[in-house]
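Structure assessment
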Amino acid sequence: GGKPRTLRIPMPFITHRSILLLPLAFGLTQTAAAQKYRTAAGFRSDGNNYGITIQQLIIPKTTLEGLAMLAPRERSATLLAERHFGILGPSLNYYFGAGAHVGNHKDNGTFWGFDGIIGAEYKIAFIPLVISLDFKPTIEYGSTDWNRFSKAFSVRYIIFKQRKTGIFRALDKL
């Protein structure tokens, strides 16, 4: 025998400095306020479907979003529950969630299914608008498509701003 050899794998992207900065970045993400509105409504499009979107804060950092969408040969309604997380401040958020939809296709009749969603939103400074981009995969039943993978853009007008007073302030830590 000889001495056992150790295999060293170079990791050029991971340095001691980046490892030390990771907790700081995680802390900034977690402590940022999740969103700056209670109710917002607007327009949503994925290029083929167009419609309206309404988001309502139900508990801190959690919204219900309703979508009413139209396409040339179908219409649908979706309800999603979404959890929001701040990214380095209160104006930029990412969110994820799940829900369900029902619709009617002119050729195939009624369809329904389950939805997931992940996206990012930005509250534009000094004006009551929120823009967002998201990815929303679905599983379909009663449709010729068994799944869809839409990417959409939304613009919402803030109807009611987020309040930091009252009985629900204790829930902000959730």
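To keep things clear, this report deals only with the structure shown in the data block.

About the thresholds
- Residues numbered from 1 in each chain as written.
- Predicted model: local features only at pLDDT ≥ 70, side-chain atom pairs only at ≥ 80, totals over all residues.
- Heavy atoms only, no water.
- Helix = DSSP H or I, 4+ residues; strand = E, 2+ residues; numbered from the N terminus.
- Buried < 20%, exposed > 50% of the residue type's maximum accessible area, 1.4 Å probe, protein only.
- Areas by Shrake-Rupley, 256 points an atom, 1.4 Å probe, with all protein chains shown as cover.
- 1 Å grid on protein atoms, 1.4 Å probe; cavity = no way out; pocket = protein on both sides within 12 Å on 5 of 7 lines; lining within 4 Å.
- Points joined across faces, edges and corners; volume = space filled by probe spheres on them.
- Nonpolar A, V, L, I, M, F, W, Y, C, P; charged D, E, K, R; others polar.
- Pairing = 2+ DSSP bridges.
- Contact = heavy atoms within 4.5 Å.
- Phe/Tyr/Trp six-rings, centres within 6.5 Å; stacked < 30°, edge-to-face > 60°.
- Lys NZ or Arg CZ within 6 Å of the ring centre and 35° of its normal.

Attention now moves to the overall build of the protein chain. Counting its regular elements, the protein chain contains one helix and eight strands. Put simply, the protein chain runs from its N terminus to its C terminus through helices and strands in the order α-β-β-β-β-β-β-β-β. Each of the 174 residues in the protein chain was classed as buried or not, and the buried ones make up 32%. Counting every atom, the protein chain has about 11500 Å² of accessible surface; 69% of that belongs to carbon and sulfur.

Quick look at empty space enclosed by the protein now. Throughout the structure, instances matching the rule amount to one cavity of 30 Å³ or more. Of the volumes computed, that of the largest cavity is approximately 40 Å³. As for the largest cavity, its lining consists of 10 residues, and the residues nearest its centre are Y37, S91, N93, E121 and K123. Sorting elements by how many residues they give to the lining of the largest cavity places strand β6 (residues 109-123) first, with three residues. Across the lining of the largest cavity, the residue classes break down as four nonpolar, three polar and three charged.

Attention now moves to the pairing of strand β8 (residues 147-161). The sheet contact formed by strand β1 (residues 37-45) and β8 spans eight bridges and is antiparallel. Paired with Y37 across the two strands is K161, which belongs to β8. Two elements, strand β7 (residues 129-141) and β8, share 11 bridges in a ladder whose sense is antiparallel. Paired with P137 across the strands is F149, a residue of β8. Between β7 and β8, which pair antiparallel and follow one another directly, the connecting turn spans five residues, one of which, G142, has a positive phi of 80 degrees.

Right, let's get into the side chain of S150. As for its position among the elements, S150 is in strand β8. Apart from the residues lying within four places of it in its own chain, the contact partners of S150 are R44, D46, D134, F135 and K136.

For the rest of this paragraph, the subject is the packing of aromatic side chains. Here the structure, examined in full by the defined rule, presents seven aromatic pairs. With a centroid separation of 5.7 Å and 80 degrees between ring planes, the pair formed by W112 and F114 is classed as edge-to-face. Between the aromatic rings of W112 and Y141, the centroid separation amounts to 4.6 Å while the plane-to-plane angle is 25 degrees, which identifies the pairing as stacked. In this pair, W112 sits in strand β6 while Y141 sits in strand β7, placing the two residues 29 residues apart along the sequence. Overall, the relative accessible area of 42% leaves W112 in the partly exposed class. One cation-aromatic arrangement involves R148 over F111; the distance from NZ or CZ to the ring centre is 5.4 Å.

Attention now goes to the layout of surface pockets. Estimated volume of the largest pocket: approximately 420 Å³. Lining the largest pocket are 24 residues; nearest its centre among them are D46, N49, E74, R148 and S150. Residue assignment for the lining of the largest pocket shows that the elements contributing at least two residues are β1, β3 (62-71), β4 (74-86), β5 (92-105), β6, β7 and β8. It is β8 that contributes the most residues to the lining of the largest pocket, four residues altogether.

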